[in-house]
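Summary of the model geometry
One letter stands for each residue in the lines below.
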Amino acid sequence: FLAASVIILHTAIYTKPAHAFSAPSPLIPPFTTPQTPEEVVQNQLFHYQTSNLPSAYSYNSPENKQATGTVSDFEVSLQTPPYNL
């Protein structure tokens, strides 16, 4: 029983989940080539969470880029209310 518990605990601690909602890698977004809107949003959220705003901006639609301006303008807008969470 003890050996089985140790194996289960070891597996739970050292095995990485392999699905889209697992904790993101510090360097790589969840999807290397997003295929669905949900995957695009997951990648964009990853870039927000890692403070990589230029990469987050790259996922904006052309219309949103036109409305927000440059990457610098986008960064400034995210630091002002109501977007500065």
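Residues numbered from 1 in each chain as written. Predicted model: local features only at pLDDT ≥ 70, side-chain atom pairs only at ≥ 80, totals over all residues. Heavy atoms only, no water.

1. Let's talk about the overall build of the protein chain
When you go through the protein chain residue by residue, the secondary structure sums to five helices and zero strands. Ordered by position from N to C terminus, the α and β elements of the protein chain give α-α-α-α-α. Taken across its 85 residues, the protein chain has 15% of its residues classed as buried. The long-range fraction of contacts in the protein chain, counting pairs at least 24 apart against all pairs at least 6 apart in sequence, stands at 11%. (Helix = DSSP H or I, 4+ residues; strand = E, 2+ residues; numbered from the N terminus. Buried < 20%, exposed > 50% of the residue type's maximum accessible area, 1.4 Å probe, protein only. Contact = heavy atoms within 4.5 Å.)

2. Comments concerning helix 2 (residues 37-49)
Over its 13 residues, helix 2 runs 18 Å from end to end, which matches the ideal 18 Å to within 8%, given 1.5 Å per residue. Those residues of helix 2 that sit buried are Glu39, Asn43, Gln44, Phe46 and His47. Across the axial projection of helix 2, the buried residues extend over an arc of 155°, all falling on one side. Turned more than 90 degrees away from the buried face of helix 2 sit Pro37, Glu38 and Gln49, all of them exposed. Ser51 lies just past helix 2 and shows a positive phi near 60°. (Expected span 1.5 Å × (residues − 1). Arc of directions from axis to C-beta.)

3. What to know about unusual backbone geometry
In this chain, Pro81 is followed by Pro82 through a cis amide linkage whose omega measures 5°. By the secondary structure assignment, Pro82 is in the segment after helix 5 (71-77). Unlike most non-glycine residues, Ser51 shows phi in positive territory, near 60°. Within the element layout of this structure, Ser51 appears in the loop between helix 2 and helix 3 (53-58).

4. A look at the side chain of Glu39
Mapping Glu39 onto the fold places it in helix 2. Lacking a salt bridge, the buried Glu39 has Lys65 as its closest oppositely charged neighbour, with an N-O distance of 18 Å. If sequence neighbours within four positions are ignored, Glu39 has contacts with Phe31, Thr33 and Pro34. (Lys, Arg positive; Asp, Glu negative; His and termini not counted. Salt bridge = Lys/Arg side-chain N within 4 Å of Asp/Glu carboxyl O.)

5. Observations regarding the side chain of Gln44
By the element assignment, Gln44 lies in helix 2. Excluding residues within four positions of it along the chain, Gln44 makes contact with Ala56, Tyr59 and Asn60.

6. Let's talk about the packing of aromatic side chains
The description of an aromatic ring pair rests on the distance of the ring centres and on the angle between the ring planes. Tallied over the entire structure, the rule returns two aromatic pairs. With 6.4 Å between their ring centres and 40° between their planes, Tyr48 and Phe74 make a pair best called tilted. Within this pair, whereas Tyr48 is found in helix 2, its partner Phe74 is found in helix 5, the two being separated by 26 residues in sequence. For Phe74, a relative accessible area of 4% translates into the label buried. For the pair Tyr57 and Phe74, a centre-to-centre distance of 5.2 Å together with 55° between the ring planes defines the contact as tilted. Of this pair, Tyr57 sits in helix 3 while Phe74 sits in helix 5, placing them 17 residues apart in sequence. The pair Tyr57 / Phe74 is uniform in exposure class, with both members buried. Counting every residue linked through ring pairs, the aromatic cluster contains Tyr48, Tyr57 and Phe74. (Phe/Tyr/Trp six-rings, centres within 6.5 Å; stacked < 30°, edge-to-face > 60°.)

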